[in-house]
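Summary of the model geometry
Each chain, written out:
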Amino acid sequence: MAKRQFKTESRRILDLMINSIYTHKEIFLRELISNASDAIDKLCYRSLTDESVGMSRDDFKITVQTDEEKRLITISDNGIGMTAEEMNDNLGVIARSGSLQFKQEMEKDQESAQDIDIIGQFGVGFYSAFMVADQVTVISRSFGTQEASKWVSDGADGYTITPCEKDAAGTDIILHVRPDGEDENYSDYLKPDTLKRIIKKYSDYVRWPIVMDGETVNSRIPIWQRAKSEVSDEDCKKFYRSHFMDYTDPAAVIRVSAEGAVSYKAMLFIPTEAPFDFYTANFQPGMELYSNGVMIMDKCAQLVPEYFRFVRGVVDSPDLSLNISRELLQHDRQLKIIETNLEKKIKAELKKLMENDPEKYQSFWKSFGLQIKYGVVAQYGAKKDFLADIIEFYSAREKKFISLDAYVAAMPEGQKHIYYACGENVQLADGLPQTEPVKDKGYDILYLTENVDEFAVQVLASYKDKTFKSVNDDDLDLGDDQAEKKEADAAQTENSGLMEFIKESLDGKIAAAKISSKLKSHPVCLTTQGPISLDMERYFQSLPAGAGGDVKAERVLELNAAHPVFEALRKAYENDRPKAEKYAKLLYNQALLIAGLPVEDATAFSDLVCSLMD
Ligand code: ADP
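These notes cover the structure that comes with them. In this convention, every chain numbers its residues from 1, walking through the sequence in written order. Local features are withheld for residues below a pLDDT of 70 in this predicted model, meaning they are given only at 70 or higher, and side-chain atom pairs are given and counted only at 80 or more; totals for whole chains, interfaces and linings count all residues. To obtain the side-chain values, all non-hydrogen atoms of the structure were used and water was disregarded.

Now for the sheet that holds strand β10 (residues 264-270). When DSSP finds two or more bridges between two strands, those strands count as paired. A helix here means a DSSP run of H or I that spans at least four residues, while a strand means a run of E at least two residues long, and both kinds are numbered starting from the N terminus. Taken together, the five strands give an open sheet; going across it, the order is β9-β10-β13-β11-β12, and neighbouring strands pair in mixed fashion. Two strands in the sheet have a free side with no partner beyond their single neighbour: β9 (252-258) and β12 (294-300). Neighbour-to-neighbour, the strand axes of the sheet open up by a mean angle of 10 degrees, direction not taken into account. Strand direction decides the pairing type here: β10 and strand β13 (residues 312-316), joined by five bridges, are antiparallel. Of the residues in β13, the one forming a bridge with A266 is V315. Here helix α7 (residues 233-243) sits on the sheet and contacts β9, β10, β11 (287-291) and β13; the angle it forms with β10, its principal contact strand, is near 75 degrees. All axes here are fitted lines through C-alpha atoms, helices being fitted over the stretch that makes contact, and every angle between N-to-C directions spans 0 to 180 degrees. Whether two residues are in contact is decided by their heavy atoms, any of which lying within 4.5 Å being enough.

Structure below.
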């Protein structure tokens, strides 16, 4: 019997399968089950109008059997089947639209193993059987015909088609499993438990029963396909906990049923706690993507924007059939539409949670706020307005995290800015002397304690027309602080010699010393001039060696001219310069400590204090 040759373009994909180094070989089963399900769909559809089909919905099923001894896996369906001619057309050639593009994608980067991954993501159908089988037999009888045909191939050198017997319409795919190799234990695929696991993983929601050993393995109707009224909150949470392996309940569940440019159903979960690896490169974000119950991808990152990467969930769209999905470009466009919709839903849900259950939102914020603040800063602030109203910072007055809305709403008349202070933690920020004038005025202050916070605030620039202002700012614009400023300016001129002396004594550590207009009860504080603040400097220094460059803040030592200590300093400057130099150093080190920075030389500092106590 003459061997027929595969069409050239099919051979390429076949070669790829036979010599596949792709590690997720198990997806062959998903592909064959998906074909079987399509074939049943076709016959079931036909049965609606054609009584001669003689089957009801409940009669359709897919059966998977193994024979470990003969090394066979058989996948059978009672669907529409194929004639000899259809076998030749369908299994001998890859001519369908999507496949051609798939092939081109493969050719583009043939060397790159990375691209092989698109097999796993988008499927290549029937040929994937050759990843695990050295011989594939297809026995099929097309509905409405009496004769059946047998297609056999051991891969590259072609296939044969011969007549055979089969009781009823449908298809059996028989795989002869390859012998075990050095790097792959193919015998594993012959074990019923392995096959059941693979079915659960990829084909759990295929709507036809997948039967093994007389038992239906798949759960068929996914929870996200059921009507909202049929599924309780508790059901959703239970599904979340078991499916996404979290022992805490989600903070919120979002259900979406969309019709339009792309139809899809989605069930999303906002976790309460961050997984231990969330802020590491190991964490893989993404949604599970299904097409009619068949899993296409288990982590589709394109479906969630970076700033919502903590969201878990499933998206199921019949518009993303395995066929269409091979057309990658079209696929991308559809995913983009879904992403845009989902991002709005997630934001709306977070806003709702913030307003209705502030306590729950706080624990959510503690876990994932950092990610959202990164989102404000990313892409040159492209998303800052979208994200601004779900951001929270710690409030000095409320002693808890509050929204920017809440801050602005509580602003007394006359307050023009949103004041903030940076510190490594709330206590340090709260202890900063420069917060005093703002507090005295009765204005609230937001404490920024995470590295990204100050960048986020600078990108936001303002909220509801109120600009952000650091308590370090020279001009706090408190309304009645002009007198203080004038006074400070006068004192600055009067003490210019002393200021210059302090700067010199500190030997390049500060850019300037100046009389402060903000200090009330404290003698000193450390601020900066120029664009880099102390907290930004701290951030850059925390980056892995080299990455942050040598970013340094220009430090300014501010002194309180009304404090008794200042008088002591001035006297020493006039009468005892060595002592004045010691005072300058002491005050600088105090300012460092108050700002939450380490003293540069602890022993020298200790000696300095001792020498002054003598
Ligand atoms: P795809 O399913 O993406 O079209 P495949 O290579 O998996 O590509 O299958 C090629 C074609 O072979 C299918 O479109 C279908 O017409 C036919 N086919 C495959 N498996 C079956 C089956 N179990 N029953 C009937 N037809 C099938």
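Right, let's get into the side chain of S516. Tracing the backbone through its elements, the reader meets S516 in the loop between β20 (512-515) and β21 (524-529). Accessible area is worked out with a 1.4 Å probe on protein chains only. A residue is then buried under 20% of its type maximum, exposed over 50%, and partly exposed in between. Overall, S516 belongs to the buried group, its relative accessible area being 8%. Non-local contacts of S516, meaning those with residues more than four positions away in its chain, are made with A488, E558 and L559.

Examined bridge by bridge, strand β14 (residues 392-395) and strand β15 (residues 401-403) share three bridges and lie antiparallel to one another. Of the residues in β15, the one forming a bridge with Y394 is F401. The loop that links β14 with its antiparallel partner β15 comprises five residues; one of these, K399, has a positive phi angle of about 55 degrees. Where β14 lies against strand β17 (residues 445-448), two bridges are found, and the strand directions are antiparallel. The partner of S395 across the bridge, within β17, is L446.

By the bridge criterion, six bridges tie strand β4 (residues 148-153) to strand β5 (residues 159-164) in an arrangement that is antiparallel. In the strand pairing of β5, K150 is matched with T162. In textbook terms, the turn of a hairpin is the stretch between consecutive antiparallel strands, and for β4 and β5 this stretch comprises five residues, one of which, G155, has a positive phi near 105 degrees.

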